[in-house]
Amino acid sequence: MREQQLYEFKYDKKKGLYIGWANHKFGYIYSCYPGFLSFVILGLMHSSYGKLSFVIAMLMIFIPIGIGYIPAYKAVFFNDRYLVYFKKFEKESKEWHRKWKRITWAFCIGAVIISMCGIAVMLEIIIGMENIHFPFLPH
């Protein structure tokens, strides 16, 4: 009985620990893509208007991320749509799962890279890259 409860706590497809974890991680990773736009907007606002208040800076970061996340959330988690995807995924071959595992990794790594590129573009707009000195790069 205890093992069954623990299994349901972890793996339940509607309320399980792992589906909640996946929902949050999906949001974090997906948010990196509109985050690029957020950093560019923040850099442009800073170069146009000077130093921005903390509240304005946070709005410039979170509004594009929030707007970008809405369609992704509706496509996957709205009305438990992911349960339909689970049923489709269970029928697929092992090779198909390997392919999509690679695509998922590429999506996640791409998100981190694009987020760092957004920060670099923001810094270029605000202060220029010639004023940034990375200790690990030759001068």
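Parameters and conventions
- Just so you know, the residues in each chain are numbered from 1, in the order the chain's sequence is written.
- Confidence filtering applies because this is a predicted model: local features only for residues at pLDDT of at least 70, side-chain atom pairs given and counted only at 80 or more, and all residues used for totals across whole chains, interfaces and linings.
- As a rule here, side-chain values come from all non-hydrogen atoms in the structure, and water together with hydrogens is ignored.
- Only DSSP runs of H or I reaching four residues or more are called helices, and only runs of E reaching two or more are called strands; each is numbered from the N terminus.
- Residues are treated as being in contact if the distance between any of their heavy atoms lies within 4.5 Å.
- Within this scheme a cavity is a closed region of a 1 Å grid, computed over the protein atoms alone, that accommodates a 1.4 Å probe without allowing it to escape, whereas a pocket is open but has protein on both sides within 12 Å along at least five of seven lines; lining residues each have an atom within 4 Å of a point.
- Grid points are joined across faces, edges and corners, and a volume is the space filled by probe spheres set on the points.
- By the convention adopted, Pro, Cys, Tyr, Trp, Phe, Met, Ile, Leu, Val and Ala count as nonpolar, Lys, Arg, Asp and Glu as charged, and the other residues, Gly among them, as polar.
- In these notes, a set of buried Ala, Val, Leu, Ile, Met, Phe, Trp, Tyr and Cys residues joined through side-chain atoms within 4.5 Å is what counts as a nonpolar core.
- Accessible area is worked out with a 1.4 Å probe on protein chains only. A residue is then buried under 20% of its type maximum, exposed over 50%, and partly exposed in between.

### Concerning the side chain of S38
Here comes step 1: Tracing the backbone through its elements, the reader meets S38 in helix α2 (residues 17-49).
Here comes step 2: When neighbours within four sequence positions are excluded, S38 is seen to be in contact with M60, I61, P64 and I65.

### Focus on the layout of surface pockets
Here comes step 1: Taken as a whole, the largest pocket encloses approximately 1200 Å³ of empty space.
Here comes step 2: Every residue lining the largest pocket is counted, 24 residues in all, and those nearest its centre are A22, F26, F86, F89 and T104.
Here comes step 3: Looking at the lining of the largest pocket, the elements with two or more residues in it are α2, α4 (82-90) and α5 (94-126).
Here comes step 4: Looking at the lining of the largest pocket element by element, the count peaks at nine residues for α5.
Here comes step 5: Partitioned by chemical class, the residues of the lining of the largest pocket number 18 nonpolar, two polar and four charged.

### Some details on the nonpolar core
Here comes step 1: By size, the foremost hydrophobic cluster in this structure holds eight residues: F39, L42, L52, A57, M60, I61, I65 and M122.
Here comes step 2: Every element with two or more residues in this core is listed here: α2 and α3 (54-76).
Here comes step 3: Among the elements that make up this core, the one with the highest residue count is α3 (four residues).
Here comes step 4: The contact partners of L42, leaving out residues within four places of it in the chain, are L52, A57, M60, I61 and M122.

Read these as geometric descriptors, not functional statements.
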